[in-house]
Each structure stands twice: as C-alpha cells, then as structure tokens.
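Listed below, chain by chain, are the residues.
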Amino acid sequence: MIKVEDLSVRFGQKEILKDINVEIENSKWTCLVGPNGAGKTTFLKALLGSQSYSGSITDSGAEVYKNHDRNVAFVPQHPQIPIGMSVSEYVLLGRSKRDGWGNESKKSRALVADILKLTGLFGMQNQFVSQLSGGEMQRALIARALVQEPTLILLDEPTSALDLHHQIAVLNNIELLKERGVTIVSTMHDITLAAMYAEKIVVMQEGRVLLSGTSDFVIHSPELQVAFENRISVFTLDSGRPVIVAKKDLSN
C-alpha cells in the first residue's frame, strides 16, 4: 500500500499541494481527477519520488523520495522525444534497468515484440520515434512502461493523444496489469473513462483532495461538482454505467 500523509509541495512561495492524506491500494487502479491546475501531475511526480515534498509518502513502508530500489514506470503527458532512436530501441529502454542497455536478453526482446503487437506498433519498430504521430508516440510511451514490468505504473493523461478506438485498447491493456499485481495511478480528464476503469477516484482542486473513494460513490458526489464548479452533468445509462459531460450552458 502507498500511504500519503500530510503531503505538501511548494514551488518557491507557491504551495502546489496542500496537506494531502490518501491511501492507494496495491493491485488497484486509482485515478486523479480535477480541473487544470489542481496539482494532479505534481502529485504523480511526488509518488514517483522525483519531486521533493514535506510530509510523507511511503510505498510498502519505505519513503519514496529518491528511492531508486522501486520498479516504477512513469508515462508523462509531454515526453522528451529522442532523435535517431527507433521505436523498438525506445521501447527496449524499459528493460535497461533489468538487463543493462545493450545487454537485453532474448526474453526481453521477445517481450518487446509482444508489447509492440499489443499496442498496435508492430510493423513500426524500425521507424524513428521522432517520426511518430502524437497518438503513436503515446502508445510507444505506454509500451515502454509495460515492458518494464513495474510494480507501480504512473500515467499522466494516458489517452490525451489517442482516438476513441486506441483509448479503449490501451486502457484495456493497462487494466490487465492488475492481474499481475501492478498498482496503477493515473490522471485523466475524461471522467467517464476514469469511472470505467478505476476502482478509486481522488478528486482534487487547487492542490487539495476534496474527496477520495470508490468510483461509483465519487462520481455521484457533490464534491465532484464543486471541483468542476458545477459545470458537469452525470447521466446513467441503462447498463448502469455513468457518463459525465460538460454542461453546454456554463452559466448554470
């Protein structure tokens, strides 16, 4: 379990995260939702251990800040794109911590081939990463994270550059990680998708957590409406699945 206690993050005089207390269950999917500027990406970086903070974040009892023993995969929203690297080489980077760069095992290379097929990138393996479209690059990032075989995967808006077909395909592949004991934490603007995949939703606003709970409970909560300034509507399909849409008339 990841335990977050009294977490705060400052950038100079500005407090980005404020007194956050949350527990993240192992082998479950937790999704952070909230408007732009709520602090979701900063929270992910703190969970990754790359962002300094006050308070405490422990993963299985160990403080996460600069803890290099953890096997954590991070899929950023705005990656640095390497020049002159092929798709297969880029995805193979996910095995470098296990095998060392240039010493990848046959098992690792076979795994990369499987993941390329899974993410719809097989056939593009010799193409330069810099030549990929936004959606293809997003899939390459996720493929690199999957081959890492992490215990924790952190995803910042993993579907932002994908069309609907690839959104569902990629999220289905990520969801399968739970069967291998992987803990998933993501940010997501599409709250409908968040409710479809995450067992737990954390609602954030202005660096604070307004509510944390099961997806069904949070989706129908007044706190979710508060976070989005009452500018969303929640509908329930005949199947029981919720759909969240922005209100057309923002004056209401």
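Residues numbered from 1 in each chain as written. Predicted model: local features only at pLDDT ≥ 70, side-chain atom pairs only at ≥ 80, totals over all residues. Heavy atoms only, no water.

So, unusual backbone geometry
Glycine aside, negative phi is the norm for most residues, and most peptide bonds take the trans geometry.
Reasoning step 1: A positive phi angle is found at D19, which is not glycine, with a value near 50°.
Reasoning step 2: Positionally, D19 belongs in strand β2 (residues 14–24).
Reasoning step 3: You can call D19 partly exposed: its relative accessible area is 48%.
Reasoning step 4: The backbone of E157 sits at a positive phi, close to 50°, despite the residue not being glycine.
Reasoning step 5: In this fold, E157 is placed in the loop between β7 (152–156) and α6 (164–175).
Reasoning step 6: Relative accessible area serves as the criterion here: at 4%, E157 is assigned to the buried category. (Helix = DSSP H or I, 4+ residues; strand = E, 2+ residues; numbered from the N terminus. Buried < 20%, exposed > 50% of the residue type's maximum accessible area, 1.4 Å probe, protein only.)

So, the packing of helix α4 (residues 106–118) against helix α5 (residues 134–147)
Reasoning step 1: Following both chains from N to C, one finds α4 and α5 inclined at 140°, their axes separated by 10 Å at the closest point. It follows from the interaxial angle that α4 and α5 lie oblique. Considering the relative orientation of α4 and α5, their crossing is right-handed. Facing α4, whose interface residues are L111, V112 and I115, α5 presents A143, L146 and V147.
Reasoning step 2: Tallied by class, residues from the contact of α4 with α5 come to six nonpolar, no polar and no charged. (Axes fitted to C-alpha atoms, helices over the stretch in contact; angles between N-to-C directions. Parallel < 35°, antiparallel > 145°, perpendicular 65-115°, else oblique. Left-handed = near helix turned anticlockwise from the far one by under 90°. Contact = heavy atoms within 4.5 Å. Nonpolar A, V, L, I, M, F, W, Y, C, P; charged D, E, K, R; others polar.)

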